[in-house]
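Each chain, written out:
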Amino acid sequence: MIRRVGGAYGAKCTKTNIPAAAASLAAFKLNRPVRLVMDLESNMHAIGKRLPYLTKYTVSTDSDGKLAGMDVSCICDSGWASNEATAFLAVRTLVGLYDAKAWNAKPVAVNTNTTSNTWCRAPGTTPGHAATENIMEHLAFEMGMDPLEFRLLNIKKEGKEMVERLIKSSDYEKRKEETKDFNQNNLWTKRGIALIPTVYHHDFFPTSYTVNISVYHDDGSIAVMHGGIEMGQGINT
């Protein structure tokens, strides 16, 4: 089992050259191995942060409240250098579990006179999900519908079955009423509850999570090899 994983708070892509060059120069000058450890604050000052996003959209529904068309522009602020733009990942995630008759999702990367930004955990996918769910909340509010009801009206079949099971197993409706009663009886302290479906793709770039299963013919023993990382979740069987 891998005891420690992560630590970079995302891929950082090309920006890893900065600390790598610093460590390499010190190793060359000192003629000895050098390890460079940065705290998160120093890391973000030097390497950058998650890209800010602006989403512009025009959305329509039919008379039944179902999505008719969505025209969305996902605009990411790359800073002065655009070599780590993530808008193309955002539009891939944008559709989520929802079913519209027509989608037009456009990725846009812009440069600004600011520090360059970089990939952080779930690059592009996080703002992509956020954009879609903000649109769904906006539409539900404009139509006077419960946000979850509006989502279920527009969700794909395979997603709808999963969400309906979760609503039942989590006692969502009961907890929703309890939240409503609490808010009516408390002036200064409020509670909220939401259920939002998401889709996360794990097949970006050449990433391969294949599985090879071998059965030994003498005693029937099985060996399973996979591309995952065992960190306590029980993926090794």
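Now for a description of the structure that goes with this document. Just so you know, these numbers come straight off a predicted model, no measurement behind them.

What counts and how
Residues numbered from 1 in each chain as written. Predicted model: local features only at pLDDT ≥ 70, side-chain atom pairs only at ≥ 80, totals over all residues. Heavy atoms only, no water. Helix = DSSP H or I, 4+ residues; strand = E, 2+ residues; numbered from the N terminus. Buried < 20%, exposed > 50% of the residue type's maximum accessible area, 1.4 Å probe, protein only. Pairing = 2+ DSSP bridges. Contact = heavy atoms within 4.5 Å. Core = buried A, V, L, I, M, F, W, Y, C linked by side-chain atoms within 4.5 Å. Phe/Tyr/Trp six-rings, centres within 6.5 Å; stacked < 30°, edge-to-face > 60°. Lys NZ or Arg CZ within 6 Å of the ring centre and 35° of its normal. 1 Å grid on protein atoms, 1.4 Å probe; cavity = no way out; pocket = protein on both sides within 12 Å on 5 of 7 lines; lining within 4 Å. Points joined across faces, edges and corners; volume = space filled by probe spheres on them. Nonpolar A, V, L, I, M, F, W, Y, C, P; charged D, E, K, R; others polar. Right-handed = clockwise from strand over helix to strand, strands pointing away.

**With respect to unusual backbone geometry**
Despite not being glycine, Asn31 has its phi angle at roughly 55°, a positive value. Assignment of secondary structure puts Asn31 in the loop between helix H1 (17–30) and helix H2 (40–47). By relative accessible area, which is 71% here, Asn31 ends up exposed. Phi at Asp171 is positive, roughly 55°, even though this residue is not glycine. Looking at the secondary structure, you find Asp171 in the loop between helix H6 (157–169) and helix H7 (172–185). Looking at Asp171, the relative accessible area reads 44%, which means it is partly exposed.

**Comments concerning the pairing of strand S4 (residues 211–215)**
Among the five residues in S4, zero count as buried, and that is only a small part of the element. The antiparallel hairpin formed by S4 and strand S5 (residues 222–226) contains six residues in its connecting segment, where Gly220 sits at a positive phi of about 80°.

**Regarding the environment of Ala23**
With respect to the helices, strands and loops of the structure, Ala23 is situated in helix H1. Put simply, Ala23 and Pro33 are ten residues apart on the chain and 8.6 Å apart in space, counted from C-alpha to C-alpha. Excluding anything up to four places from it in sequence, Ala23 contacts Val34 and Leu36.

**Here we look at the nonpolar core**
With 16 residues, the main nonpolar core has Leu67 and Met70 as its most contacted residues. Counting only elements with at least two residues in this core, the list comes to strand S2 (67–77), helix H3 (87–94) and helix H4 (125–143). Considering every element that reaches this core, the biggest residue donor is H4, with five residues. If we skip the residues at most four places from it in the chain, Met70 touches Thr58, Val59, Ala100, Ala102, Trp103, Asn104 and Ile135. Residues Leu148, Leu152, Ile155 and Ile167 belong to the second largest nonpolar core, which totals eight residues.

**As for the packing of aromatic side chains**
Taken as a whole, this structure holds zero aromatic pairs when the rule is applied. Its end group placed over the ring of Phe182, Arg191 keeps NZ or CZ at 3.8 Å from the ring centre.

**Re empty space enclosed by the protein**
The full count for this structure, using the stated rule, is one cavity of 30 Å³ or more. In this structure, the largest cavity encloses a volume near 40 Å³. Taken together, Thr93, Leu94, Gly96, Leu97, Tyr98, His129, Thr132, Glu133, Pro197, Thr198 and Val199 form the lining of the largest cavity. Taken together, the elements giving at least two residues each to the lining of the largest cavity come down to H3 and H4. A per-element tally of the lining of the largest cavity places H4 first, with three residues. Looking at the lining of the largest cavity residue by residue, the classes come out as five nonpolar, five polar and one charged.

**Notes on the pairing of S2**
The buried fraction of S2 is high, at nine of eleven residues. When strand S1 (residues 53–61) meets S2, the two strands line up antiparallel, connected through nine bridges. The residue of S2 that forms the bridge with Tyr53 is Cys76. Between S1 and S2, which pair antiparallel and follow one another directly, the connecting turn spans five residues, one of which, Gly65, has a positive phi of 90°. Summarising the sheet, S2 and strand S3 (residues 103–110) pair through eight bridges and their orientation is parallel. When the sheet's bridge partners are listed, Asp71 is paired in S3 with Asn104. Handedness of the crossover is the feature at issue here: the chain leaves S2, passes through H3, returns alongside S3, and the resulting connection is right-handed.

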